[in-house]
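# Descriptive structure summary
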Amino acid sequence: MSQPRKLSSALISVFNKDGLAPIVQELVRLGVTIYSTGGTQKAIEELGGQVIPVETLTEYPSILGGRVKTLHPKVFGGILSRRDNESDKVQMSEYSIPTIDLVVVDLYPFEETVASGADADAIVEKIDIGGIALIRGAAKNFNDVVIIPSMNDYETLLNILKENDGETSLEERRALSARAFRTSSHYDTMIQQYMMGTVVDSDSVDTLNLSVAEAKTLRYGENPHQRGRFFGKLSDILKQLHGKELSYNNLLDVDAAVSLMEEFKNDSPTFAIMKHNNACGLATRNSISEAYTSALEGDPVSAFGGVLIANRAIDLSTAEQIHTLFCEVVIAPNFDSDALELLKGKKNRILLERQDVTLPPTTVRTALNGFLVQDRDNNIETAADLTCVTNAKSDDNAIADLLFAMKLAKHTKSNTIVFAKDGQLLASGTGQTSRVDALKQAVDKANGLGLSLEGASMASDAFFPFPDCVALASEAGIKHVVQPGGSINDKKSIDACNELGLAMHMTGIRHFKH
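All values derive from a computational prediction rather than experimental measurement.

### Re the overall build of the protein
The number of helices and strands found in the protein is 18 helices and 23 strands. Referenced to the eigenvectors of the C-alpha coordinate spread, the extents of the protein come out at roughly 95 × 50 × 45 Å. Counting only contacts in the protein whose residues sit at least 6 apart along the sequence, the fraction spanning at least 24 positions is 57%. Accessible area for the protein stands at about 25,400 Å²; split by element, carbon and sulfur atoms hold 50% of it.

Dropping the structure here:
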């Protein structure tokens with residue numbers, strides 16, 4: 001059985017020297033022998049600590065421009081030796097290897113180097129080899145050795161040194177070992193992800209490696225009886241300016257809102273209102289204030305408690321309108337100062353500033369006992385992608401509405417039908433088990449809100465299996481249709497359009513969303 005261990009020796013090898021001073025002070029107080037090398041050795045000595053150079057221990061110099069310093073049996077023997085193993089004791093004595101009780105490491109900043117835009121050679125040089133080996137060796141021998149794998153664990157070490165005079169329990173060492181393997185696993189995953197970005201045939205990868213170093217505990221999950229956490233650095237993409245903490249459901253709606261607005265980020269002022277991951281209001285206008293007004297007209301009832309997002313700065317005029325509506329979240333690339341102050345008037349209203357960061361190229365979700373990974377649906381149809389297959393044609397305004405509607409259909413739960421006219425969402429059918437039911441839902445929604453569909457455009461996320469959708473759309477007043485096509489009954493839908501005088505366009509691109 002492993003007993004409590006008292007620190008008598010330490011190996012320190014850190015890239016960032018910040019935070020060493022109090023640690024060195026405590027090690028000196030406790031009379032701990034310190035081994036180090038290079039820049040770390042110099043920093044410790046400047047702080048008043050006496051250091052035995054690793055080169056003295058190994059009787060070997062640092063070589064290859066510092067690439068090889070601690071990779072030596074006299075270092076790793078001292079870390080990996082089992083203190084209660086008689087055979088290990090004999091060999092330690094035979095080869096004059098001192099035990100090392102504490103290993104303190106701060107790895108080369110690989111992620112930061114990649115993020116800085118450095119060239120490939122500089123990035124590769126920041127792949128830590130010796131530090132990772134030290135972490136893994138010390139973590140493996142947690143029965144006898146304390147491992148401090150990063151600066152984030154300095155506070156833990158200081159507590160051990162100050163409160164317990166350098167004595168640790170097995171439970172403490174095991175907990176630090178787990179942190180150490182988490183550190184090394186994340187570090188290696190970041191390297192693997194970078195290397196995969198340089199591989200042309202990424203489809204050859206047969207292992208999914210995910211590692212996110214930041215996590216936030218949420219109030220609860222989708223429902224109060226479920227626990228929830230968010231993994232990631234949300235501040236990279238959204239800066240919170242005001243309001244309560246984002247909930248699990250807030251985050252899902254915000255994700256849907258940000259993804260949708262990516263389609264319109266280069267368009268004229270556009271405003272969207274989201275509810276349960278689907279848009280209940282969307283409009284493009286000459287000003288963001290007008291866009292909000294038109295978006296709200298699309299479904300003022302569902303907008304209550306929704307998530308609002310704009311592709312332009314929120315000005316005071318728009319803020320004054322928003323302020324009269326109960327909404328959970330407002331997102332924009334910027335807020336005018338007077339608009340921001342007004343919107344802060346509701347203490348729980350969440351205000352988020354969208355940062356200029358590209359969304360990840362892939363999406364990941366759990367499925368059964370595994371994960372589904374796919375490319376993000378980044379295809380955005382243009383007028384050149386539309387093939388008119390009917391006798392009737394669409395003018396430029398109708399084409400613009402078809403493309404507008406298809407952008408929205410792409411981000412609405414399947415099966416979906418979207419009605420739009422003059423850059424405004426009129427109604428949509430969302431998440432229905434049949435396409436004709438989605439169309440009926442959209443018609444009922446528009447009629448219930450008193451919104452005329454006469455001359456409007458319709459988008460479908462997938463093909464029409466039967467011509468009944470075309471017939472119902474015509475009855476409602478729809479004159480222009482866009483859909484992917486590809487059904488064995490395409491000709492029946494085309495014939496129905498020709499008979500009813502509708503213009504139909506096909507894209508050849510499906511946009512299911514489940």
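### Points about the pairing of strand S15 (residues 350-354)
Among the 5 residues that make up S15, 5 are buried, leaving the element largely enclosed by the rest of the structure. Residues Ile350, Leu352 and Arg354 point to one face of S15 and Leu351 and Glu353 to the other, with burial holding for every one of them. Taken together, the 4 bridges between strand S10 (residues 238-242) and S15 define a ladder with antiparallel strand orientation. Each residue of the ladder has a partner; that of lysine 239, found in S15, is glutamate 353. Both strand S14 (residues 327-332) and S15 contribute to a ladder of 4 bridges, which runs parallel. Bridging from a neighbouring strand, valine 329 pairs with isoleucine 350 of S15.

### Looking at the environment of lysine 244
Its location among the elements puts lysine 244 in the loop between S10 and helix H11 (248-262). A relative accessible area of 27% means that lysine 244 is categorised as partly exposed. Linking lysine 244 and serine 8, residues 236 residues apart in sequence, is a C-alpha distance of 48 Å. Excluding its chain neighbours within four sequence positions, the residues that come into contact with lysine 244 are Arg219, Glu328, Lys347, Asn348 and Ile350. Within the structure, lysine 244 has its side chain in polar contact with the side chain of glutamate 328 (distance 3.4 Å).

### Examining the packing of helix H8 (residues 130-140) against helix H10 (residues 170-196)
Taken N-terminus to C-terminus, the directions of H8 and H10 make an angle of 150°; their axes are 9 Å apart at the nearest point. By the criterion of interaxial angle, the relationship of H8 to H10 is roughly antiparallel. Remark: the crossing between H8 and H10 carries left-handed chirality. Here H8 contributes Ile132, Ile135, Arg136, Ala139 and Lys140 to the contact with H10, which in turn contributes Ser177, Ala180, Phe181, Ser184, Tyr187 and Asp188. Looking at the contact of H8 with H10 residue by residue, the class counts come to 6 nonpolar, 2 polar and 3 charged.

### What to know about the layout of surface pockets
In this structure, the second largest pocket encloses a volume near 470 Å³. For the second largest pocket, the lining is made up of 28 residues, of which Gly66, Arg67, Lys69, Tyr108 and Asp128 are closest to its centre. Among the secondary structure elements, those contributing two or more residues to the lining of the second largest pocket are strand S2 (9-14), helix H2 (38-46), strand S5 (102-106), helix H7 (120-125) and H8. Class assignment for the residues of the lining of the second largest pocket results in 12 nonpolar, 10 polar and 6 charged.

### Section: the environment of isoleucine 160
Position of isoleucine 160 among the secondary structure elements: in helix H9 (residues 154-163). A relative accessible area of 4% means that isoleucine 160 is categorised as buried. Considered as a pair, isoleucine 160 and glutamate 172 are 12 residues apart in the sequence and their alpha carbons are 9.3 Å apart. Apart from the residues lying within four places of it in its own chain, the contact partners of isoleucine 160 are Asp165, Gly166, Glu167, Thr168 and Leu176.

### A closer look at the state of the cysteines
Across all of its chains, the model carries 0 disulfides by this definition. No disulfide involves cysteine 280; its sulfur sits 11 Å from that of cysteine 327, the nearest cysteine. Free of any disulfide, cysteine 388 has its nearest neighbouring cysteine sulfur in cysteine 497, separated by 9.3 Å.

### Observations concerning the nonpolar core
Ranked by size, the top nonpolar core spans 48 residues in total, and within it Leu27, Leu102 and Val103 carry the most contacts. Ranked by residues supplied to this core, first place goes to H10 with 6 residues. Valine 103 has contacts with Leu11, Ile79, Leu134, Ala138, Val145, Val146, Ile147 and Ile148, leaving out every residue within four places of it along the chain. The next biggest cluster of nonpolar side chains, apart from the first, holds 37 residues, and it includes Met274, Leu282, Val307 and Leu352.

### Here's the deal with the side chain of asparagine 141
Structurally, asparagine 141 is set in the loop between H8 and strand S6 (146-148). Given the relative accessible area of 6%, asparagine 141 is considered buried. The residues touching asparagine 141, leaving out its near neighbours within four places in the chain, are Ile79, Leu80, Ser81, Arg82 and Arg83.

### Regarding helix H17 (residues 468-476)
Every α-helix carries 3.6 residues per turn, so stepping three or four residues along brings you back to the same face. For H17, the full list of buried residues reads Cys469, Val470, Ala473 and Ser474. One side of H17 carries all its buried residues, which in axial view fall inside an arc of 130°. Next to the buried residues of H17 lie helix H16 (435-448), strand S21 (457-460), helix H18 (490-500) and strand S23 (503-506).

### Notes on the environment of isoleucine 488
Take isoleucine 488: it is sitting in the loop between strand S22 (480-483) and H18. The exposure class assigned to isoleucine 488 is exposed, which follows from its relative accessible area of 85%. Sequence separation between isoleucine 488 and isoleucine 63 is 425 residues; the distance between their C-alpha atoms is 70 Å.

### Re the pairing of S22
Looking along a regular strand, one sees side chains alternate from face to face of the sheet. Burial along S22 is two-sided: the residues His480 and Val482 and Val481 and Gln483 are all buried. Assessed by its sense of winding, the connection that carries the chain from S21 through H17 to S22 is right-handed. As judged from the 4 bridges shared by S22 and S23, these two strands associate in the parallel manner. Looking across to S23, one finds that histidine 480 is bridged to alanine 503. In this region the chain leaves S22, passes through H18 and returns to the parallel neighbour S23; the handedness of that crossover is right-handed.

Here is what the cut-offs are and how they apply
- Residues numbered from 1 in each chain as written.
- Predicted model: local features only at pLDDT ≥ 70, side-chain atom pairs only at ≥ 80, totals over all residues.
- Heavy atoms only, no water.
- Helix = DSSP H or I, 4+ residues; strand = E, 2+ residues; numbered from the N terminus.
- Contact = heavy atoms within 4.5 Å.
- Areas by Shrake-Rupley, 256 points an atom, 1.4 Å probe, with all protein chains shown as cover.
- Buried < 20%, exposed > 50% of the residue type's maximum accessible area, 1.4 Å probe, protein only.
- Pairing = 2+ DSSP bridges.
- Polar contact = N/O pair within 3.5 Å; in protein donor to acceptor, adjacent residues only side chain to side chain.
- Axes fitted to C-alpha atoms, helices over the stretch in contact; angles between N-to-C directions.
- Parallel < 35°, antiparallel > 145°, perpendicular 65-115°, else oblique.
- Left-handed = near helix turned anticlockwise from the far one by under 90°.
- Nonpolar A, V, L, I, M, F, W, Y, C, P; charged D, E, K, R; others polar.
- 1 Å grid on protein atoms, 1.4 Å probe; cavity = no way out; pocket = protein on both sides within 12 Å on 5 of 7 lines; lining within 4 Å.
- Points joined across faces, edges and corners; volume = space filled by probe spheres on them.
- Disulfide = S-S within 2.5 Å.
- Core = buried A, V, L, I, M, F, W, Y, C linked by side-chain atoms within 4.5 Å.
- Arc of directions from axis to C-beta.
- Right-handed = clockwise from strand over helix to strand, strands pointing away.

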